[in-house]
Amino acid sequence: EVWNPSGKYRVVSTKPMPGTRWIRLLTDQDCRVEICTEKKTILSVEDILSLIGNRCDGVIGQLTEDWGEVLFSALRRAGGKAFSNMAVGYNNVVVGAANKYGIAVGNTPGVLTETTAELAASLSLAASRRIVEADQFMRAGLYDGWLPHLFVGNLLKGQTVGVIGAGRIGSAYARMMIEGFKMNLIYYDLYQATRLEKFVTGMSLLAFSIYNCISGLVSSYGEFLKANGEQPVTWKRASSMEDVLREADVISLHPVLDKTTYHLINKERLAIMKKEAILVNASRGPVIDEAALVEHLKQNPMFRVGLDVFEDEPFMKPGLADMKNAVVVPHIASASKWTREGMATLAALNVLGKIKGYPIWSDPNR
Ligand code: DGY
């Protein structure tokens, strides 16, 4: 599919992307936009080489593609200046190879924060209240009346949510679980904890001002909550990831995938989690040793998992699909209309900015 065929700059998108704003943005700035409409879901390096061709100024690519030495050198030879992943994660991109050939790299942070956190929250709820199991039970025509034991799950309120990786998405997820479900929080961040700390500090300031407002009526914020039958929410930063795994009832993983986070959750770490814990992953599949997880799910039927991502996508490790205590969805965490259109627009801006000589909007090197 070609837009603005006479455009001066040739920009290739390896997939059709939602909305038309991103196309307009490029065509208005003298770009010829070529969109690959190949039916195959995952393009090979050879497929992308033929899309790049002899002349190409920039490419918008997808997280399913291997952007390394071969593609970046070809893009350079074709006169290319910029590449953007339509994703915040860029573990499929060898940034060093792009740097070597002078290709600027962009990703799409920000616009998917809330949407991804909402999916992690949805998986937490689906797993804790056994929604998918119950749905399948209904559709199978097995419901023959209310029973006291039917699909009994866990109450989130008052339980502890554990967040591993407290960046933008982990912090948004923590906020949803604290504010929405009155869960206590324990978190551990592998790199930094500033955003979550700012949020928690903000919460404390808010609590403090509420306290100031009501201090004439009751002697503390805690007492105020208790007077209303509520327990105040607590939060703490763990000094080790193991502390989170040991203490939390629901654990959500939000690290980036790199050498240090590959199989972060392995057999040994699964073993220290509570027998009835819920583990959620909407980051990257290889963060969990999926074969070890399947074994753990088999041995611990009360342990539940909500997975958006898998170790060898699009496949699941043998046995996972049969586990009733697993909720599985196909990497849809950022799949809201607003977010996907925003990701496409950001990716287009990244490429356009570089072609036109502006600094790239979101460069993972910065
Ligand atoms: C990302 O952006 O990295 C997600 O995995 C897809 O939205």
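*Asks:* Any chance you could break down the site of the ligand for me, citing the residues and the numbers?
*Replies:* Taken together, Leu63, Ala87, Val88, Gly89, Leu112, Arg284, His331, Ser334 and Met343 make up the full set of residues adjacent to the ligand. Here an oxygen atom of the ligand and a backbone polar atom of Val88 are 2.7 Å apart. In this structure, His331 approaches the ligand through a side-chain N or O atom, which is 2.7 Å from an oxygen atom. Taking 230 Å² as the accessible area of the ligand by itself, protein coverage stands at 90%.

*Asks:* Tell me about the packing of helix H5 (residues 113–128) against helix H7 (residues 168–181), residues and numbers included.
*Replies:* Where H5 meets H7, the closest approach of the two axes is 8 Å, and the angle between their N-to-C directions is 50°. Relative to H7, the element H5 lies oblique. Handedness of the H5/H7 crossing: right-handed. Within the contact between the two elements, H5 uses Thr113, Glu114, Thr116, Ala117, Glu118, Ala120, Ala121, Ser124 and Leu125 and H7 uses Arg168, Ile169, Ala172, Tyr173, Arg175, Met176, Met177 and Phe181. In terms of residue class, the contact of H5 with H7 is built from 10 nonpolar, three polar and four charged.

*Asks:* Please set out the pairing of strand E5 (residues 82–85) residue by residue, giving values where relevant.
*Replies:* Burial of E5 is two-sided: the residues Ala82 and Ser84 facing one way and the residues Phe83 and Asn85 facing the other way are all buried. Pairing of E5 with strand E6 (residues 104–106) involves three bridges; the strand directions are parallel. Its bridge partner being in E6, Ser84 is matched across the sheet by Gly106. With respect to chirality, the unit in which E5 leads through helix H4 (residues 95–100) into the neighbouring parallel E6 is right-handed.

*Asks:* Would you mind going over H5 in detail, with residue names and values included?
*Replies:* Compared with the 22 Å implied by 1.5 Å per residue over 16 residues, the 23 Å span of H5 between its first and last C-alpha is a close match. Those residues of H5 not exposed but buried are Thr113, Thr115, Thr116, Ala117, Leu119, Ala120, Ala121, Leu123, Ser124, Ala126, Ala127 and Ser128. Looking at the residues trailing H5, positive phi occurs at Arg130, about 55°.

Rules used in this analysis
Residues numbered from 1 in each chain as written. Predicted model: local features only at pLDDT ≥ 70, side-chain atom pairs only at ≥ 80, totals over all residues. Heavy atoms only, no water. Near = heavy atom within 4 Å. Polar contact = N/O pair within 3.5 Å; in protein donor to acceptor, adjacent residues only side chain to side chain. Areas by Shrake-Rupley, 256 points an atom, 1.4 Å probe, with all protein chains shown as cover. Axes fitted to C-alpha atoms, helices over the stretch in contact; angles between N-to-C directions. Helix = DSSP H or I, 4+ residues; strand = E, 2+ residues; numbered from the N terminus. Parallel < 35°, antiparallel > 145°, perpendicular 65-115°, else oblique. Left-handed = near helix turned anticlockwise from the far one by under 90°. Contact = heavy atoms within 4.5 Å. Nonpolar A, V, L, I, M, F, W, Y, C, P; charged D, E, K, R; others polar. Buried < 20%, exposed > 50% of the residue type's maximum accessible area, 1.4 Å probe, protein only. Pairing = 2+ DSSP bridges. Right-handed = clockwise from strand over helix to strand, strands pointing away. Expected span 1.5 Å × (residues − 1).

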